[in-house]
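# Structure at a glance
Now for the letters of each chain:
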Amino acid sequence: TGGTLAGDQVYVTGAVNATSGINVISADVNLRSGSATAVPGGATPRTTGDTVIKAGADTTCTGRLQLNGATTWEGPNTMTGTGTVYQNGASTVTADTTINVATYDWDGSGSSTTDINPAVTLTINSTNIDSGAPLSDGYDGTVSLASGARLAVNTANPWRLDGTLNMDYGGINPYVMMGSQMLVYGSVAVTGAGESDINSAVDFKSTANVSVAAGAA
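Residues numbered from 1 in each chain as written. Predicted model: local features only at pLDDT ≥ 70, side-chain atom pairs only at ≥ 80, totals over all residues. Heavy atoms only, no water.

### A short note on the nonpolar core
Test applied: Grouping buried Ala, Val, Leu, Ile, Met, Phe, Trp, Tyr and Cys residues that are joined through side-chain atoms within 4.5 Å yields what is termed a nonpolar core. Burial classification: accessible surface area is computed with a 1.4 Å probe over protein chains only, and a residue below 20% of its type maximum counts as buried, one above 50% as exposed, and the rest as partly exposed. Under the DSSP-based scheme used, a helix requires at least four consecutive residues in state H or I and a strand at least two consecutive residues in state E, with every element numbered from the N terminus. The contact rule is simple, with two residues in contact once any of their heavy atoms fall within 4.5 Å.
In this structure, Trp 106, Ile 116 and Leu 165 are the most contacted members of the largest nonpolar core, which totals 41 residues. At three residues, the largest contribution of residues to this core is made by strand S14 (residues 97-105). Each residue touching Leu 165, except ones within four places of it in the same chain, is listed here: Val 143, Leu 145, Val 176, Met 182, Ser 187, Val 188, Ala 189 and Ile 198.

### Let's talk about the pattern of salt bridges
Where we set the bar: A pairing counts as a salt bridge when a side-chain nitrogen of Lys or Arg comes within 4 Å of a carboxyl oxygen of Asp or Glu.
This model, assessed by the stated rule, comprises three salt bridges. Among the salt bridges present, the one from Arg 160 reaches Asp 162, with a minimum N-O distance of 2.9 Å. The exposure class of Asp 162 is partly exposed, given its relative accessible area of 22%.

### Some points on the pairing of strand S11 (residues 71-74)
Filter applied, for reference: When DSSP finds two or more bridges between a pair of strands, those strands are recorded as paired.
Side-chain alternation along S11 places Thr 71 and Trp 73 on a buried face and Thr 72 and Glu 74 on a face that remains uncovered. Pairing analysis gives four bridges linking strand S8 (residues 51-54) to S11, with the strands arranged parallel. By the bridge assignment, Val 52 is partnered in S11 with Thr 72. Note that S11 and strand S13 (residues 91-95) share four bridges and pair parallel. Bridge assignment links Thr 71 to a residue of S13, and that residue is Ser 91.

### Here's the deal with the sheet that holds strand S19 (residues 159-161)
The line we're drawing: Geometry is summarised by axes, namely lines fitted to C-alpha atoms with helices restricted to the contacting stretch, and by angles between N-to-C directions that run from 0 to 180 degrees.
Taken together, three strands build an open sheet; the order of strands is S19-S22-S25 and the sheet is parallel. The sheet is open, and its two edges are formed by S19 and strand S25 (202-204), each paired on a single side. Recorded for the sheet is a direction-independent mean angle of 20° between the axes of neighbouring strands. As judged from the three bridges shared by strand S22 (residues 182-184) and S25, these two strands associate in the parallel manner. Residue pairing across strands places Met 182 opposite Val 202, the latter belonging to S25.

### Notes on a nonpolar patch on the surface
Just so we agree on the cut-off: Surface patches are defined over residues having more than 30% relative accessible area and no salt bridge, joining like charges when they lie within 9 Å and nonpolar side chains (Val, Leu, Ile, Met, Phe, Trp, Tyr) when within 5 Å. Every accessible area reported is derived by Shrake-Rupley at a probe size of 1.4 Å, with residue values counting cover from the shown protein chains alone.
Nonpolar side chains collect at one region of the surface, where Phe 204, Val 210 and Val 212 lie side by side and expose about 260 Å² of accessible area between them. Examined against the element boundaries, Phe 204 turns out to sit in strand S25. On the basis of relative accessibility, which here comes to 41%, the residue Phe 204 falls in the partly exposed class.

### Section: the side chain of Thr 59
In this structure, Thr 59 sits in strand S9 (residues 58-61). When neighbours within four sequence positions are excluded, Thr 59 is seen to be in contact with Leu 31, Thr 37, Leu 65, Thr 78, Met 79 and Thr 80.

### Thoughts on the pairing of strand S16 (residues 121-125)
For S16, a buried count of four out of five residues is recorded, marking the element as mostly surrounded by other parts of the structure. Sheet topology note: the S14/S16 ladder contains three bridges and is parallel. Along S16, the bridge assignment pairs Thr 98 with Thr 123. Sheet topology places S16 next to strand S18 (residues 150-154); five bridges connect them, and they run parallel. Its bridge partner being in S18, Leu 122 is matched across the sheet by Leu 151.

Spatial relationships are all this shows, so hold off on functional conclusions.
See below:
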């Protein structure tokens, strides 16, 4: 009913099965191609070190997976299941990645950051992007799209941006792709000498704060 894994970085190429209860992984973890991680219902594994999820890694979550340390998504990988993944630590997306878990608590404890590298696409196919009611509890963190980065959020309902969306043109347009409607209650900041695009339906609420730097569009 739970345990702790500590020590040097762990490279996983085989199967990992979380038991019921709380499991703490304080070591850095590198989930490599061919690895298969199962988080069953009733299990709550928690990572506190850095986690790297390589292309070809397979994770099935029907429980509650907490990513408390920094996470690097090096997709394409498989993150599926009817459970919840909590992105409590900062995340960086360095290769095209798709998250298909039922609930991806994108901002975790409420203030985590997501950086999407140049020319990389992050796709979130989740019923909810927060653990609260979808129309009143949205994404409170900061997501930053570098030059040519793309973000697609596909949820059961329109999703709330309560935090910050940064879009920086550096030679290639960054944009929010077609997906579910985005309700902007927070901030959108556009920088760089070029065009940044939002192609999904968007509703800017009265609390929205939109800033466009000189030369940006």
